[in-house]
Amino acid sequence: MKEEDILLQQFANRIARIFKDLRKQKGLPSYESFAFVHDLPRAQYWRVEDGKSNLTLRTIAKLLAIHNLTIDEFAELLANDQEQTP
């Protein structure tokens with residue numbers, strides 16, 4: 001696997017953990033409930049939380065708006081994410 005692919009997967013996994021944690025903080029028990037409440041396609045949002053989505057900037061911006069986060073706040077969450085991925 002190329003280093004670029006490894007970095008991409010690590011980044012996707014970190015984003016997945018952050019959005020999953022944010023959903024749980026909102027008291028929504030599943031990705032399906034979150035997608036329904038926020039009028040998102042369930043399969044698309046599942047891929048976000050599973051780290052299987054190559055997110056566009058538009059999708060990230062939409063999710064940040066839903067969570068009322070700034071870019072800087074999101075970057076801080078990414079920087080503070082300590083769980084290591086293989």
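Please read all numbers here as calculations on a predicted model, not as lab measurements.

### Re the overall build of the protein chain
- Helix and strand counts for the protein chain come out as 5 helices and 0 strands.
- Reading the protein chain from its N terminus to its C terminus gives the helix and strand order α-α-α-α-α.
- With respect to the three principal axes, the spread of C-alpha positions in the protein chain is 40 × 25 × 25 Å.
- Going through the 86 residues of the protein chain one by one, you find that 35% of them count as buried.
- In the protein chain, once contacts between residues fewer than 6 apart in sequence are set aside, the share between residues at least 24 apart is 58%.
- Only carbon and sulfur atoms are counted for the fraction: they give 53% of the accessible area of the protein chain, which is about 6,100 Å².
- Here the protein chain contributes 12 positive and 13 negative side-chain charges, whose respective centroids are spaced 6 Å apart.

### Concerning the environment of Phe34
- Within the secondary structure layout, Phe34 lies in helix 2 (residues 31-37).
- Overall, Phe34 belongs to the buried group, its relative accessible area being 0%.
- Sequence spacing of Phe34 and Gly51 is 17 residues, and the spatial spacing of their C-alpha atoms is 16 Å.

### Let's talk about the nonpolar core
- With 17 residues, the main nonpolar core has Phe19, Phe34, Leu40, Tyr45, Leu63 and Phe74 as its most contacted residues.
- Counting only elements with at least two residues in this core, the list comes to helix 1 (3-25), helix 2, helix 3 (42-50), helix 4 (57-66) and helix 5 (71-80).
- When neighbours within four sequence positions are excluded, Phe74 is seen to be in contact with Ile15, Ile18, Phe19, Ile60 and Leu64.

### Notes on the packing of helix 1 against helix 5
- Across the interface, helix 1 lies against helix 5 with an axial gap of 10 Å and an inter-helix angle of 115°. In terms of their interaxial angle, helix 1 and helix 5 are classed as roughly perpendicular. When the axes of helix 1 and helix 5 are compared, the crossing they make is right-handed. Touching Phe11, Arg14, Ile15, Ile18, Phe19 and Leu22 of helix 1 are Phe74, Leu77, Leu78 and Ala79, all from helix 5.
- By residue class, the composition of the contact of helix 1 with helix 5 is 9 nonpolar, no polar and 1 charged.

### Description of the confidence of the model for the protein chain
- Overall, the prediction assigns the protein chain a mean pLDDT of 93, with 95% of residues at 70 or greater.
- No element of the protein chain has a lower mean pLDDT than helix 1, which averages 95, and none a higher one than helix 2, which averages 97.

Here is what the cut-offs are and how they apply
Residues numbered from 1 in each chain as written. Predicted model: local features only at pLDDT ≥ 70, side-chain atom pairs only at ≥ 80, totals over all residues. Heavy atoms only, no water. Helix = DSSP H or I, 4+ residues; strand = E, 2+ residues; numbered from the N terminus. Buried < 20%, exposed > 50% of the residue type's maximum accessible area, 1.4 Å probe, protein only. Contact = heavy atoms within 4.5 Å. Areas by Shrake-Rupley, 256 points an atom, 1.4 Å probe, with all protein chains shown as cover. Lys, Arg positive; Asp, Glu negative; His and termini not counted. Charge placed at Lys NZ, Arg CZ, Asp CG, Glu CD. Core = buried A, V, L, I, M, F, W, Y, C linked by side-chain atoms within 4.5 Å. Axes fitted to C-alpha atoms, helices over the stretch in contact; angles between N-to-C directions. Parallel < 35°, antiparallel > 145°, perpendicular 65-115°, else oblique. Left-handed = near helix turned anticlockwise from the far one by under 90°. Nonpolar A, V, L, I, M, F, W, Y, C, P; charged D, E, K, R; others polar. pLDDT = per-residue confidence, 0-100.

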